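# Breakdown of the fold
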Amino acid sequence: PKARGAAATRAPAGGIVQLTSVGEALLQSVSTRVAFDACVMDVAEQEERTTRAGPMAMRHIWVADGPEEGSPRIKWVLWGTQAEQYGRKQLQGLWVRVLGASVKEWNGKRELWGCVPEGGIEILGGGGGSVLGGGGAPSAAA
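No experiment lies behind these values; they were computed from the predicted model shown.

### Side note on the overall build of the chain
For the chain, the count of helices and strands is two helices and nine strands. In the chain, of all internal contacts separated by at least 6 residues, the share reaching a separation of at least 24 is 54%. Accessible area of the chain: about 7200 Å², with a carbon and sulfur share of 53%.

In C-alpha cells:
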C-alpha cells in the first residue's frame, strides 16, 4: 500500500514538497525539502563523523513506501541530536511522518538528509502517533 495520509501537493509553508511515495524523492531536484510518510525498514548504529563544525553523530535509516518485499528503499540520514535520539528501538518497523528532509546526492546516489528540528519526525504507529523532534524526542537510542 501507499504511504499513509500522503497528498501530491506542494505544502505552502516553507516550500516543502509533500510526496505521495518515498520513491518520488529520487525525482526531486537536489536541495528540495520534502515531507513524506514511510515505513522504517532498517536503522543502523550511530556513527561519529568529522564535519566542518567538528565531530557529529550520524545515523543511516532505510525507509520504504511499505513493508512489502520489493518496495524501493531510500536512505535517510539523521545528524546530531536527532541521530542520537532516534535509534532502532524508537523507529524499527514503524511508520513515520517526516517533515523537511532535504534531497541530497552523495557518491552519485540520491538520499534524504535530516528534517526540521522541532516536530520533524512523527511516529504514526498505534493510537494516532505522537510528534517527536528536537526537544521532545524519546530517551535512550539503540
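Structure's up, so let's keep going.
### Structural notes on the packing of aromatic side chains
Applying the stated criterion across every chain, the model contains three aromatic pairs. Taking 6.2 Å as the distance between ring centres and 85 degrees as the angle between the ring planes, the aromatic pair formed by F36 and W76 counts as edge-to-face. On the criterion of sequence distance, the pair formed by F36 in strand β2 (residues 33-43) and W76 in strand β5 (residues 74-79) is long-range, its members being 40 residues apart. Each member of the pair, F36 as well as W76, carries the same accessibility label: buried. Ring centres of W79 and W113 lie 5.4 Å apart, and the angle between their planes is 55 degrees; this geometry places the pair in the tilted category. One end of the pair, W79, is in strand β5; the other, W113, is in strand β7 (residues 109-113), and 34 residues separate them in sequence. Owing to a relative accessible area of 24%, W79 belongs among the partly exposed residues under this scheme. Residue classification places W113 among the partly exposed residues on the basis of a relative accessible area of 23%.

### Comments concerning the environment of A38
Within the fold, A38 resides in strand β2. Residues A38 and V22, spaced 16 residues apart in sequence, show a C-alpha to C-alpha distance of 6.6 Å. When residues no more than four places from it in sequence are discounted, the contact partners of A38 are V22, V63, A64, L94, W95 and V96.

### Here we look at the nonpolar core
Core analysis: the biggest nonpolar cluster contains 26 residues, and V34, F36, I61, V63, W76, L91 and L112 have the highest contact counts within it. Those elements that provide at least two residues to this core are β2, β4 (54-64), β5, β6 (95-106) and β8 (121-123). Residue contacts for L112: discarding those within four places in its chain leaves A25, V34, F36, I74, K75, W76, V77, A101, S102 and V103. Membership of the second largest hydrophobic core comes to five residues, among which are C39, A64, W95 and L124.

### Comments concerning the environment of E48
Within the secondary structure, E48 is located in strand β3 (residues 47-51). Sequence separation between E48 and A83 is 35 residues, and the spatial gap between their C-alpha atoms is 9.9 Å. When neighbours within four sequence positions are excluded, E48 is seen to be in contact with P55, M56 and A57.

### Topic: the pattern of salt bridges
Considering all chains together, one arrives at seven salt bridges under this definition. Ionic pairing is found between R97 and E122, a salt bridge with its closest N-O pair at 3.9 Å. Placement of R97 in strand β6 and of E122 in strand β8 is noted, with a sequence separation of 25 residues between them. A residue is classified by how much of its surface remains accessible, and E122, at 18% relative accessible area, is buried. For E105, the salt bridge goes to R110, with nearest N and O atoms at 3.2 Å. Judged by relative accessible area, E105 falls into the partly exposed class, the value being 45%. With a relative accessible area of 29%, R110 lands in the partly exposed category. Within this structure, D37, R97 and E122 form a network of salt bridges that share partners.

So, how was this worked out
- Residues numbered from 1 in each chain as written.
- Predicted model: local features only at pLDDT ≥ 70, side-chain atom pairs only at ≥ 80, totals over all residues.
- Heavy atoms only, no water.
- Helix = DSSP H or I, 4+ residues; strand = E, 2+ residues; numbered from the N terminus.
- Contact = heavy atoms within 4.5 Å.
- Areas by Shrake-Rupley, 256 points an atom, 1.4 Å probe, with all protein chains shown as cover.
- Phe/Tyr/Trp six-rings, centres within 6.5 Å; stacked < 30°, edge-to-face > 60°.
- Buried < 20%, exposed > 50% of the residue type's maximum accessible area, 1.4 Å probe, protein only.
- Core = buried A, V, L, I, M, F, W, Y, C linked by side-chain atoms within 4.5 Å.
- Salt bridge = Lys/Arg side-chain N within 4 Å of Asp/Glu carboxyl O.

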